[in-house]
Amino acid sequence: ELPERLQQLTALDGAALAYSSLLGGAAGYAVFFYNANRGNLTKLSSLTFLTPVFAAGFGFLALGEVLQPLQLLGAGVTLVGITMV
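Anyway, here's the lowdown on the structure attached to this text. Residue numbers restart at each chain and count upward from 1, following the sequence in its written direction. Reporting of local features is limited, given that this is a predicted model, to residues whose pLDDT is at least 70; pairs of side-chain atoms are given and counted only at 80 or more, and all residues count toward the totals for whole chains, interfaces and linings. To obtain the side-chain values, all non-hydrogen atoms of the structure were included, while hydrogens and water were left out.

1. Looking at helix α4 (residues 51-63)
Convention followed: The secondary structure listing takes helices from DSSP runs of H or I that are at least 4 residues long and strands from runs of E that are at least 2 residues long, numbered from the N terminus. Residue count minus one, scaled by 1.5 Å, sets the expected span of a helix.
Between its first and last C-alpha, α4 extends 17 Å over 13 residues, near the 18 Å set by a 1.5 Å rise per residue. Glycine 64 sits one or two positions beyond α4 and adopts a positive phi of about 70°.

2. A word on the environment of valine 66
Note the following rule: Each residue gets one of three labels from its accessible area relative to the maximum for its type: buried under 20%, exposed over 50%, partly exposed in between, using a 1.4 Å probe on protein chains only.
Mapped onto the elements, valine 66 comes out in the loop between α4 and α5 (69-84). Here valine 66 falls in the exposed class, since its relative accessible area comes to 64%. Placed ten residues apart in sequence, valine 66 and alanine 56 show a C-alpha to C-alpha distance of 9.2 Å.

3. Notes on helix α2 (residues 11-38)
What counts is decided by this rule: Bending is quantified residue by residue as the angle between axes fitted to the seven-residue window ending at that residue and the seven-residue window starting at it.
Between its terminal C-alpha atoms α2 stretches 39 Å, which fits the 40 Å expected from 28 residues at 1.5 Å a residue. The sharpest bend along α2 comes to roughly 25°, located at alanine 27.

4. Quick notes on the packing of aromatic side chains
This is how the line gets drawn: Here a pair means two rings of Phe, Tyr or Trp (six-membered ring of Trp) with centres within 6.5 Å. Their orientation is stacked below 30 degrees between planes, edge-to-face above 60, and tilted elsewhere.
In this structure the tally under the stated criterion is two aromatic pairs. Judged by centre distance (6.3 Å) and plane angle (20°), the rings of tyrosine 29 and phenylalanine 33 are stacked. In this pair, tyrosine 29 and phenylalanine 33 both sit in helix α2, four residues apart, roughly one turn of the helix. Centroid distance phenylalanine 54 to phenylalanine 58: 6.2 Å. Interplanar angle 25°. Geometry classified as stacked. Of the two residues, phenylalanine 54 and phenylalanine 58 are both situated in helix α4; the distance of four residues between them amounts to about one turn of the helix.

See the structure below:
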């Protein structure tokens, strides 16, 4: 079943995968390590905790996902924790 599904992929699918892999992964790490060499690594690494907060926020804005009160509380605790570092 998997080989059949792979044959159904288009060039646009491949381009989307390459884009998200290269820019979302490799470029993100490159920027992170570039800035890590120039600044305070503790403060910079604390920003990685914002990834789920941004993912939830964009899911809410772009996809209409519903955020539960506990999720909002978790985002708030994350934001307060980052400002304390």
